[in-house]
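# Structure at a glance
Each chain is listed here by its residues.
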Amino acid sequence: MTLKNRREILYLLLPSIIILFAITIYPFINGIFNSFHEWLLYRPQLGRVFVGLEQYIRIFSDVNFLKAVGRTLIYVSLAVFGSIVLGFVQALVLVREEIKGINVIRSLLIIPLVAAPVVVGFAFRFMYNAELGVLPWLLGQIGIQIPRILGDPKLALYAVILVDIWSQAPFAFLVFLAAIQGINPELYEVASIDGASYWQSLKHVTMPLLRRAFLVILLLRTIDAFKAFDILYVMTEGGPGRETEVLSIFGYNLAFVGWRMGAASAFAMIMFYIVVIISTLYIRLIQREETYG
Amino acid sequence: MGKRLETSRTRSLQWRKSGITIGLYLLIGLFLIWTLFPILWIFLTSLKTTQQINAIPPLFVFKPTFENYVHVFSGKTMTALQNSLIISCSTVVLGIVVGLPAAYVLARARFKARGQVNFWILSMRMAPPFAFIVPYYLTFRFLGLLDTHLALILINLTFSLPFAVWMLESVISDLPAEIEEAALIDGCSRFGVIRQIVVPLTAPSIAATAILTFIFSWNEFFFANILTGTTTQTMPVTLISFIGLMGVNWVQMSAAGIVAIVPTIILALLAQRFLVRGLTLGAVKS
C-alpha cells in the first residue's frame, strides 16, 4: 500500500519534521554562525565579535588539541578492539543452549550496558582508589604495587579504557549472539559431515557470516567511543594533568570551563565533521557488503 | 585388541568432552566475575559504614547498615529521583507521540524526500552531543530556560525522537498492509488507522521503544550536567554532589548509585528481546 494523499502525508509527518528541524537544523546553523565569532561569556561587555576563520585556525594550531586527537585515537582503537574481542568470545561461549541457566547468564552479562555510565565511572573510581580501593589491594596481594592507578600519567588513560570496555563489551556480545543464532544450523551439520573441526567451522562458516554484524558493531562502537564523555569526566576530568583529556573533554573545557563560546562552536563543527566522515566511510562499506556479500 | 582401542578412544573422547565442559564453565565463571564484581562491590559498599570501607583488607563479610539508603531516600537525592522520573517520562511520551505518525508515514508512503528524511534521522544517532549542547545552552540561556525540566526534555528529544521514529518504522514495515487497506476502504481515516490498527498491533514494540528511551534518558548525563541546577538535577548529576571538600562520601554515593541503576536493569530485562534491534537502530534484526 502506498500513501498517495499528499495532504495526509504532510499532516502526519509535519509535527515530527518541525520538531526535528527545530532541534537539529536550527542549532546547527546557529553553531556555524557562532564559530566565526569570538564570544567570551565571562566578558559579556565585549559581545559577539566577527573573527572569520580565526577560531578554526587557533584550534588546529593548539598543541593540546593535537594531543587530545592522539589520545582519542588510542582511546577509540583500544576500547573498540577490546569490547569487540571480549563480546565475540562471550557470544561464542553463550550461544551454546545446553549450558545450564543460559538465559539468566545472558541477562546478567548485559547489565553493564544499561547501568548509568556515571555510576559505572564512580564504581571504578572507588575500586581504583589508592587508600580504599579493592583493585590496588588485590594487585598488592600478587606483588604488584601501583597504589595510585588514576593518578599515574602513564596508566590513567588505559585504566579508563578498561572501564569503557567493561561497560560496552555487552553491546558487541548481544549483536554477535543474535547474528550467530541467525546462522542456519544446517551449515554446521554439512561442515561436520565434511569432517570440519570446531575451529575450522568457526573460521569458514561462522566468521564469514558475521561480517555484516561485525561492521555494524565496528561503526556504532567507534562513534560511541569517540563521543565517550561520562565515564572519563567522572573518573579523571581529563587528569592527571591533561593525560586523559580526549576530544570530548577538551571541548567541554573549552565551552563550560573556559566559557569561550565561539571557539567551542568551531570545535563542535570539527567534531561533527569527524563523525560524518567516519559514518560515511562505514555506510559505504556496509552498502558494498550488501551488494557483493 | 580392536575392542580395547575402541574403548580407550571413546574414553579419551569423553575425557576431552568433559574437559571442554569444565573449561566452558570456568570461562563463564570468569565472565560473570568480571561483569558483576563492580556492581556487587558498590552494593556491598552501600551497606557499609565509613569506618568499614577503611578496613584493610577490604571487608567482604560485615554487619550491614541501611543508613545510607535512609539518607538517599530523603532530601536532595529524593528530589533528583523525582526530577529523573519527570524528565524521563516526558521524554518518552513526547518521543513516541510525535514519532509514531512520522514512523507510519515513512514505513508506508512512497515520496521523493523519504530517503533524505531517513538519512537525517540516522545521522542524529551519529552526531556528537557536543555539536548540540553549545547552541542549545546559548538559546536556553537567552530564553531563561536554564535550570528547568523543559530544557532537558527538549534537548533529550534530539535522541528520543529519531530513536522512536527509527524503531517504529522498522516494526510497522513488517506489518501486512492489507488490514489497513480494508479499514481505509471502509471509510476509516488515516489517523483512525494508526490509532485502531497500528497501535494495538505494534503495542509490544511501542512498549519496548518506550523502555529503551526511558533508559537512555534516565542515564543521560552530558546534557543534564550542563543544563540543570540544584533544584532540577537528575540522578546521575546528583551523584557528583557526593564529592565534598573533605573527599568523596563513598558509602552514600554507592547507595545512590544502586538506586540509580536498579530501575534501568529491571526495565532492560523486560525489553531484552528488543535490545539488539534498538541498539543497532534496526541494522541487525533479532
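Residues numbered from 1 in each chain as written. Chains lettered and ligands numbered in written order. Predicted model: local features only at pLDDT ≥ 70, side-chain atom pairs only at ≥ 80, totals over all residues.

## Observations concerning the overall build of chain A
Helices and strands together make up the secondary structure of chain A, namely 14 helices and two strands. Since a compact globule built from 293 residues should have a radius of gyration of about 19 Å, the 24 Å found for chain A marks it as more spread out than a globular shape. Its C-alpha atoms put chain A at 80 × 70 × 30 Å along the principal axes. A burial count over chain A gives 41% of its 293 residues as buried. Counting contacts in chain A only where the partners sit at least 6 residues apart, residues at least 24 apart contribute 71% of the total. (Helix = DSSP H or I, 4+ residues; strand = E, 2+ residues; numbered from the N terminus. Rg over C-alpha atoms; globule rule 2.2 N^0.38 Å. Buried ≥ 20, exposed ≤ 12 C-beta atoms within 10 Å, placed from the backbone. Contact = placed C-beta atoms within 7 Å.)

## Thoughts on the overall build of chain B
Scanning chain B for helices and strands turns up 14 helices and two strands. For 286 residues, the compact-globule estimate of 2.2 N^0.38 gives 19 Å, and the C-alpha radius of gyration of chain B, at 26 Å, exceeds that figure by more than 25%. The principal-axis extents of the C-alpha atoms in chain B amount to approximately 75 × 75 × 30 Å. Per-residue burial for chain B yields a buried fraction of 45% across its 286 residues. Taking as baseline every contact in chain B between residues at least 6 positions apart, the subset at least 24 positions apart corresponds to 78%.

## Examining the domain arrangement of chain B
Residue and element names in this part refer to chain B. Taken domain by domain, chain B holds domain 1 (2–46) and domain 2 (67–279). The distance between the C-alpha centroids of domain 1 and domain 2 comes to 40 Å. Contacts between the two partners involve four residues from domain 1 and, on the opposite side, seven residues from domain 2. Each residue belonging to the side of domain 1 that touches domain 2 can be placed in one class, and the counts come to two nonpolar, two polar and no charged. (Domains from an automatic or database assignment. Nonpolar A, V, L, I, M, F, W, Y, C, P; charged D, E, K, R; others polar.)

## Quick look at the interface of chain A and chain B
Contacts between the two partners involve 64 residues from chain A, matched on the other side by 72 residues from chain B. Counting residues per element, the side of chain A that touches chain B draws most heavily on helix α1 (residues 6–35) of chain A, which supplies 13 residues. Taken together, the residues of the side of chain A that touches chain B sort by class into 50 nonpolar, 11 polar and three charged.

## Side note on the packing of helix α6 (residues 117–128) of chain A against helix α13 (residues 250–270) of chain B
Running from N to C, α6(A) and α13(B) cross one another at 145 degrees; their axes reach a closest spacing of 10 Å. Here α6(A) and α13(B) pass one another in a crossing that is left-handed. Residues V119(A), F122(A), A123(A) and F126(A) of α6(A) touch α13(B), and the partners they reach there are W250(B), M253(B), G257(B), A260(B) and I261(B). A breakdown of the residues in the contact of α6(A) with α13(B) according to their chemical character gives eight nonpolar, one polar and no charged. (Axes fitted to C-alpha atoms, helices over the stretch in contact; angles between N-to-C directions. Left-handed = near helix turned anticlockwise from the far one by under 90°.)

## Focus: the nonpolar core
If you look at the biggest cluster of nonpolar residues, it comprises 166 residues, and the most contacted ones within it are V119(A) and V175(A). Both domain 1 (2–46) and domain 2 (67–279) of chain B contribute no fewer than three residues apiece to this core. For V119(A), the contacting residues outside a window of four places in its chain are L239(B), G257(B), A260(B) and I261(B). (Core = buried A, V, L, I, M, F, W, Y, C linked by C-beta atoms within 7 Å.)

## Considerations on unusual backbone geometry
Most of the time, phi is negative for any residue but glycine, and the peptide bond is trans. Here the residue pair G239(A) and P240(A) is connected by a cis peptide bond, since its omega of -5 degrees sits within 30 degrees of zero. With respect to the secondary-structure elements, P240(A) resides in the loop between α12 (230–235) and α13 (247–256). With phi around 50 degrees, E237(A) is a residue other than glycine that occupies positive phi space. Among the secondary structure elements, E237(A) is positioned in the loop between α12 and α13. Positive phi is not limited to glycine here, since D147(B) has a value of about 65 degrees. Within the secondary structure layout, D147(B) lies in the loop between α6 (129–143) and α7 (149–174). Classification of D147(B) by C-beta neighbours within 10 Å gives partly exposed; the count is 15.

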